[in-house]
Amino acid sequence: MGAGVTGMAAWRIVLWIVLSIPAGLMIRALASGEALAMDLYHPSGELALRLMLLAMLVGPLIDIFRPNRFLRGWLAVRRNLGVAAFGYALLHLAFYVLDMRALAAMLDELSLPSIWTGWLSFVAMLAAASVSNDWAMRRLGRRWKRIQQAVYAAFVLAAIHWWLLDRNPVPALIHLAPLLVVWTARLTVNGRRKLNTKDVHP
Amino acid sequence: MNKRLKTFITILAGVTGISVAQPALADGDVVCGGGPRENWSSLREVRRAAWLERWEIIDVRIEGDCYEVYARTEQGHAIEAFFHPVTLEKLVVFRRGREIFRRQGFTG
């Protein structure tokens with residue numbers, strides 16, 4: 001048990017190092033003047049969305065395939081992926097603040113749909129991230145899951161935010177597609193399982 | 001593994017593949033009809049055209065067959081403006097994805 005926990009902790013450190021590499025590269029590009037803050041909107045936002053997607057995919061996949069070694073490993077790092085997604089959203093927001101420079105300018109464009117969808121998505125992620133710890137999980141009981149479900153809203157809002165800013169729905173839709181696939185597959189598989197159970201116990 | 005699951009995995013692999021391979025798509029793809037590069041006005045001239053709008057220029061880039069100017073207006077609005085690279089006409093301006101100006105008759 002002790003060795004297992006240490007092993008897992010070591011893996012988590014490796015995971016966090018890997019997860020922070022893109023952030024390091026973005027910050028370096030900004031600091032060296034190689035990139036403007038506005039150039040980093042896309043990579044930081046896209047990565048936040050992709051990490052959120054990775055965190056959201058594993059649950060349905062387990063329901064479909066039943067847990068195996070790979071999916072269990074993935075599930076074990078789900079919280080890390082979700083928190084990292086929030087980290088990149090925070091970085092995305094930091095680039096926005098750096099680019100806009102003034103609070104007045106940010107408030108001025110808050111009414112634009114492409115902007116308020118981004119803010120709302122961030123707030124939803126903040127809600128989920130703030131309870132992504134064991135203490136909150138114990139304290140909140142059933143409500144914990146409810147709060148975590150804010151990531152669905154965050155994901156959809158982020159996709160709309162991207163679509164509006166890009167004036168092109170394709171990239172955002174491509175990121176929604178895997179979720180739609182696993183949700184559909186889960187429904188199908190669950191339906192079949194119910195049918196099979198009925199056959200065995202009429 | 002049953003057939004349905006195999007199909008599902010194939011679809012999933014396809015979707016994942018596409019989303020990973022998906023390059024950062026150029027936004028909205030404005031087509032300015034700029035023609036061959038050798039006839040284009042210089043970057044300095046585009047900057048001047050943008051300066052005449054009384055904008056604070058953040059950056060000027062080539063986007064497809066357009067000059068794209070990232071700037072802040074006098075009111076402090078962050079905008080992206082597309083200029084015809086030969087005539088330096090202002091064709092279309094976006095503010096956070098919302099179109100706020102389009103030259104009459106421009107459909108690109």
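Notes on the structure follow. (Residues numbered from 1 in each chain as written. Chains lettered and ligands numbered in written order. Predicted model: local features only at pLDDT ≥ 70, side-chain atom pairs only at ≥ 80, totals over all residues.)

### Examining the overall build of chain B
Argument step 1. Of regular secondary structure, chain B possesses 2 helices and 5 strands.
Argument step 2. When the helices and strands of chain B are listed from N to C terminus, the series reads α-α-β-β-β-β-β.
Argument step 3. Residues counted as buried form 23% of the 108 residues belonging to chain B. (Helix = DSSP H or I, 4+ residues; strand = E, 2+ residues; numbered from the N terminus. Buried ≥ 20, exposed ≤ 12 C-beta atoms within 10 Å, placed from the backbone.)

### Some words on the nonpolar core
Argument step 1. By size, the foremost hydrophobic cluster in this structure holds 40 residues, and its most contacted members are Leu51, Met52, Ala85, Met125 and Ala154 of chain A.
Argument step 2. Those elements that place two or more of their residues in this core are helix H2 (41-65), helix H4 (78-100), helix H6 (113-130), helix H9 (150-166) and helix H10 (170-200) of chain A.
Argument step 3. With 12 residues, the single largest contributor to this core is H2 of chain A.
Argument step 4. Those residues in contact with Leu51 of chain A that lie beyond four places of it in its chain are Leu81, Ala84, Ala85 and Tyr88 of chain A.
Argument step 5. The next biggest cluster of nonpolar side chains, apart from the first, holds 18 residues, and it includes Cys32, Ala49, Trp55 and Phe94 of chain B. (Core = buried A, V, L, I, M, F, W, Y, C linked by C-beta atoms within 7 Å. Contact = placed C-beta atoms within 7 Å.)

### Details of the sheet that holds strand E2 (residues 66-72) of chain B
Residues and elements named next belong to chain B.
Argument step 1. If you trace the 5 strands from one edge of the open sheet to the other, you get E1-E2-E3-E4-E5, paired in antiparallel fashion. Edge strands, defined here as strands with exactly one partner in the open sheet, are strand E1 (56-63) and strand E5 (98-102). Neighbour-to-neighbour, the strand axes of this sheet turn through a mean angle of 20°, independent of strand direction.
Argument step 2. When E2 meets strand E3 (residues 78-83), the two strands line up antiparallel, connected through 6 bridges. Looking at E3, one finds that Tyr70 is bridged to Glu80.
Argument step 3. Relative to the sheet, helix H2 (residues 43-52) contacts E1, E2 and E3, its axis offset from that of E1 by approximately 135°. (Pairing = 2+ DSSP bridges. Axes fitted to C-alpha atoms, helices over the stretch in contact; angles between N-to-C directions.)

### A closer look at the pairing of E2 of chain B
Residues and elements named next belong to chain B.
Argument step 1. Counting buried residues along E2, 5 of its 7 residues qualify, which places the element largely inside the surrounding structure.
Argument step 2. Both E1 and E2 contribute to a ladder of 7 bridges, which runs antiparallel. Across the sheet, residue Ile62 finds its bridge partner in E2, namely Tyr67.
Argument step 3. Hairpin connection, E1 to E2: the antiparallel pair is bridged by 2 residues, and Gly64 has positive phi, about 65°.
Argument step 4. Between the antiparallel neighbours E2 and E3 lie 5 residues, among them Gly76 with a positive phi of about 90°.

### Focus: unusual backbone geometry
Residues and elements named next belong to chain B.
Argument step 1. Residues other than glycine seldom take positive phi values, yet Arg54 does so here, at roughly 65°.
Argument step 2. Here Arg54 lies in the loop between H2 and E1.
Argument step 3. The phi angle at Arg96 is positive, at roughly 45°, despite the residue not being glycine.
Argument step 4. Of note, Arg96 is situated in the loop between strand E4 (90-95) and E5.
Argument step 5. Exposure remark for Arg96: the 18 C-beta atoms within 10 Å place this residue in the partly exposed category.

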